[in-house]
Amino acid sequence: MEAKAVAKYVRMSPIKLKPVVDLVRGKDLNEALTILKYTPGKGSVLVEKVVQSAAANAENNHDMNTDKLYVAEIYANQGPTIKRWRAASHGRAAMILKRCSHIGVTLKERD
């Protein structure tokens, strides 16, 4: 039995999210939430929301014991890129890439 949660189109680059995601992969739920709570930066807040959502799904939808849950899978993949233009020298235009991410979490029970 597993519980999942996904946050799509998060307005943060996956390069900034992947180090935070790597901190909690394979950890127990309570330990993962503690790590995310005390990790600085906006990325940890976004990942923490998705982990809490997956924990709520496990408890309410699948009747799983929250004390036995651990982070089985977690990822922060590249989403669509929003393209904007900025004025550059000599009448040119420079492209600004605003990257998005998809964050996914899967929680499972330990035996």
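Conventions and cut-offs
- Residues numbered from 1 in each chain as written.
- Predicted model: local features only at pLDDT ≥ 70, side-chain atom pairs only at ≥ 80, totals over all residues.
- Heavy atoms only, no water.
- Axes fitted to C-alpha atoms, helices over the stretch in contact; angles between N-to-C directions.
- Helix = DSSP H or I, 4+ residues; strand = E, 2+ residues; numbered from the N terminus.
- Parallel < 35°, antiparallel > 145°, perpendicular 65-115°, else oblique.
- Left-handed = near helix turned anticlockwise from the far one by under 90°.
- Contact = heavy atoms within 4.5 Å.
- Nonpolar A, V, L, I, M, F, W, Y, C, P; charged D, E, K, R; others polar.
- Buried < 20%, exposed > 50% of the residue type's maximum accessible area, 1.4 Å probe, protein only.
- Arc of directions from axis to C-beta.
- Patch = residues over 30% accessible without salt bridge, like charges linked within 9 Å, V, L, I, M, F, W, Y side chains within 5 Å.
- Areas by Shrake-Rupley, 256 points an atom, 1.4 Å probe, with all protein chains shown as cover.
- Salt bridge = Lys/Arg side-chain N within 4 Å of Asp/Glu carboxyl O.
- Lys, Arg positive; Asp, Glu negative; His and termini not counted.
- Charge placed at Lys NZ, Arg CZ, Asp CG, Glu CD.
- Core = buried A, V, L, I, M, F, W, Y, C linked by side-chain atoms within 4.5 Å.
- Pairing = 2+ DSSP bridges.

Visitor: Whenever I open this one, the packing of helix H1 (residues 14-24) against helix H3 (residues 42-61) confuses me. Can you help?
Guide: The relative placement of two packed helices comes down to the angle between their axes together with the axis-to-axis distance. The interhelical angle for the contact between H1 and H3, taken along N-to-C directions, is 60°, at an axis separation of 9 Å. The orientation of H1 relative to H3 falls into the category oblique. As H1 runs across H3, the sense of the crossing is right-handed. Packed against H1, whose contacting residues are Leu17, Val20 and Val21, the element H3 presents Gly43, Ser44 and Val47 at the interface. In the contact of H1 with H3, the residues fall into 4 nonpolar, 2 polar and no charged.

Visitor: Is there a simple way to explain helix H2 (residues 29-37) in this structure?
Guide: Listed as buried for H2 are Leu29, Ala32, Leu33 and Leu36. Buried residues of H2, viewed axially, fall in a sector of 95°; they line one side. Looking at the buried positions of H2, the neighbouring elements they touch are H1, H3, strand S2 (69-87) and strand S3 (93-109).

Visitor: Help me out: how do you make sense of a positive patch on the surface in this one?
Guide: A surface patch of like charges, here positive, comprises Arg11, Lys16, Lys42, Arg84 and Lys98. The residue Arg11 is located in the loop between strand S1 (2-10) and H1 in this model. For Arg11, a relative accessible area of 42% gives the class partly exposed.

Visitor: Can you help me understand the nonpolar core in this one?
Guide: If you look at the biggest cluster of nonpolar residues, it comprises 26 residues, and the most contacted ones within it are Leu29, Val47, Val51, Ile74, Val105 and Leu107. Take this core: its biggest share by element is 6 residues, from H3. Leaving out residues up to four positions away in the same chain, Val51 has contacts with Leu29, Leu33, Leu36, Ile74, Val105 and Leu107.

Visitor: Looking at this model, I keep getting lost on the pairing of S3. Mind explaining?
Guide: In the case of a regular strand, side chains alternate between the two sheet surfaces. Relative to S3, S1 is paired through 7 bridges, and the arrangement is antiparallel. Note on S3: the bridge partner recorded for Val6 is Gly104. As paired elements, S2 and S3 share 16 bridges and run antiparallel to each other. By the bridge assignment, Tyr75 is partnered in S3 with Gly104.

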